[in-house]
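# Structure at a glance
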Amino acid sequence: MGPDQHAQLDRFSLFLPFPYRVAVILVAGFWGWGVNLHYLFNKNIDVPSLIRYPARQSSSQQPHHASTYRLATLLTFPLLLSLLIFWAATHGSAERVESLDFIPQSYLFVFFIIILLPFNRLSHSGRHRLFVTLKRISIGGLAETQDGKFGDILLADALTSYSKVLADLVVTFCMFFTPGASSTHKPDRRCGSDWVIPLIIATPSIIRFRQCLIEYVRVRRAGLKMENKSGQHLANALKYATALPVIYLAAKLRNYNPLEMYGYSEMSLSRLLYLCTLINSTYSFYWDVTKDWDLTLLTSARRNAYYPYGLRRHRYFSDRQYYLAILVDLVLRFSWLSRFIPGLVWLCETEVGIWLLMFLEVARRWMWIFFRVETECVRNSRGPAPDDILLGEFNGKLDAD
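One structure accompanies this document, and this report is about it. Remember, it's a predicted structure, so these values are computed and weren't measured experimentally.

## Structural notes on the environment of E215
- Relative to the helices and strands, E215 resides in helix 11 (residues 196–221).
- Considering only alpha carbons, one finds E215 and L234, 19 residues apart in sequence, at a separation of 8.8 Å.

## Some points on the packing of helix 3 (residues 18–42) against helix 17 (residues 351–382)
- At a closest axis distance of 10 Å, the pairing of helix 3 and helix 17 adopts a crossing angle of 20°. Here helix 3 is positioned roughly parallel relative to helix 17, judged by the angle of their axes. Along this stretch, helix 3 crosses helix 17, giving a crossing that reads as right-handed. Side by side, helix 3 and helix 17 meet where R21, V24, I25, A28, G29, G32, W33, V35, N36, Y39 and L40 of the first sit next to E351, W355, M358, F359, V362, W366, I369, F370 and V373 of the second.
- Residue composition of the contact of helix 3 with helix 17, by class: 15 nonpolar, three polar and two charged.

## A short note on a positive patch on the surface
- Among the surface-exposed residues, K164, R190, R254 and R339 lie close enough to one another that they form a single positively charged patch.
- Looking at the secondary structure, you find R190 in the loop between helix 10 (163–176) and helix 11.
- Its relative accessible area of 47% is what places R190 among the partly exposed residues.

## Some remarks on the state of the cysteines
- This model, assessed by the stated rule, comprises one disulfide.
- Covalently, C174 is tied to C191 through a disulfide, its sulfur atoms 2.0 Å apart. Taking the sign of the S-S torsion, about -85° here, the bridge from C174 to C191 comes out left-handed. Of this pair, C174 sits in helix 10 while C191 is found in the loop between helix 10 and helix 11, placing the two residues 17 residues apart along the sequence.

## Side note on the packing of aromatic side chains
- Scanning the model with the defined rule gives 19 aromatic pairs in all.
- Both rings, one in W355 and one in F359, keep their centres 5.6 Å apart while their planes meet at 40°; by these two values the pair is tilted. Here the residue W355 and the residue F359 both occupy positions in helix 17, the gap between them amounting to four residues, near one helical turn.
- The class of W355 is buried, set by a relative accessible area of 16%.
- Assessed through its relative accessible area of 25%, F359 is described here as partly exposed.
- By the ring-pair criterion, three or more aromatic residues cluster together here, those being Y39, W293, F317, Y322, F370 and F371.
- Above the plane of the ring of Y306 lies R313, whose end atom (NZ or CZ) is 4.7 Å from the centre.
- Here the guanidinium or amino end of R365 rests over the ring plane of W368, the centre of that ring lying 4.5 Å away.

## Brief notes about the packing of helix 3 against helix 10
- Packing of helix 3 against helix 10 brings their axes to within 10 Å, and their N-to-C directions diverge by 145°. For the crossing formed where helix 3 meets helix 10, the hand is left-handed. Contacts between helix 3 and helix 10 involve F18, P19, V22, I25 and L26 from the former and V165, D168, L169, V171, T172 and M175 from the latter.
- Grouping the constituent residues of the contact of helix 3 with helix 10 by class yields nine nonpolar, one polar and one charged.

So, how was this worked out
Residues numbered from 1 in each chain as written. Predicted model: local features only at pLDDT ≥ 70, side-chain atom pairs only at ≥ 80, totals over all residues. Heavy atoms only, no water. Helix = DSSP H or I, 4+ residues; strand = E, 2+ residues; numbered from the N terminus. Axes fitted to C-alpha atoms, helices over the stretch in contact; angles between N-to-C directions. Parallel < 35°, antiparallel > 145°, perpendicular 65-115°, else oblique. Left-handed = near helix turned anticlockwise from the far one by under 90°. Contact = heavy atoms within 4.5 Å. Nonpolar A, V, L, I, M, F, W, Y, C, P; charged D, E, K, R; others polar. Patch = residues over 30% accessible without salt bridge, like charges linked within 9 Å, V, L, I, M, F, W, Y side chains within 5 Å. Areas by Shrake-Rupley, 256 points an atom, 1.4 Å probe, with all protein chains shown as cover. Salt bridge = Lys/Arg side-chain N within 4 Å of Asp/Glu carboxyl O. Lys, Arg positive; Asp, Glu negative; His and termini not counted. Charge placed at Lys NZ, Arg CZ, Asp CG, Glu CD. Buried < 20%, exposed > 50% of the residue type's maximum accessible area, 1.4 Å probe, protein only. Disulfide = S-S within 2.5 Å. Phe/Tyr/Trp six-rings, centres within 6.5 Å; stacked < 30°, edge-to-face > 60°. Lys NZ or Arg CZ within 6 Å of the ring centre and 35° of its normal.

Below you can see the structure in the form of structure tokens.
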């Protein structure tokens, strides 16, 4: 690596190189799921039952969140050990950080060994269920209600928040195996091919798009078009479809070539990208609040004597938590606007900012899961909301065919 390339590594990249940044978010996902299970367990919400996961056979067995915490700990310990070794070996030297990229990259190999190899008995059933579900949804498949349809939806939605993390994971291995490159160097998100990374980012949205179409077909086949408002499945599919132009235009701008864009200037593409992003963010925020959480804030039913303003009648959490969740979801759904706010441009233009936004998107998904699962529990016990999209147990009759 030349001296100019060493200079591209800022202090953050010297402290936490690219592969480690990916690893931290991957491992944090397991801790986040453990927190989801733990908090909902304390709220008497039976998540395993909702996702059709086998219940514990006896009270002597550890609860599901404890097993998740143990697996997260097993993934965290070698990560911390790898970091300590890396810091001791590099001493903040840019040249050493680049030449010793095999240290952080090796942790990613360890991560997958722990997750994949059968000799590890820790959380074996949970990891098996994860792989089975991933295999099913990898082409947009969707289980029947009794087989864990809600779990398929939760995982597929989680993947949409992890899309950029998964893309960066691929980039780390591409850079590591590229001659003359280093995976700890400044990320080359065009590594391999211009279309590979955008395709990886788009795949989770395509998966959810297909799942929504499957739901629509099931409702139509059952002959309940008007009763169950099957059109909302198409509306949900459209939400995921609005993400695809954003991904495509962002990739074209990153690799802008006027000869390929048929007269469209870079400024025109930028404006079109902002418009598509605004549509996607607005649509997604509305769907989070109104359809996924069944809250009334963005509907005409926001004022009702039976519940606080903008919420709903049956709730497991405090009113403040719902309002805070709405605010956080709004801010993070529109975090891309930081590029237009003086003092926050660094969030979109520096590696620490990009990593922080990716981490916050994953954190937003953890928060979303709390309220999405709580909503599903309310639907199963109290019945669906008036305009619900019917994803839970109460529409099991649709799958009987």
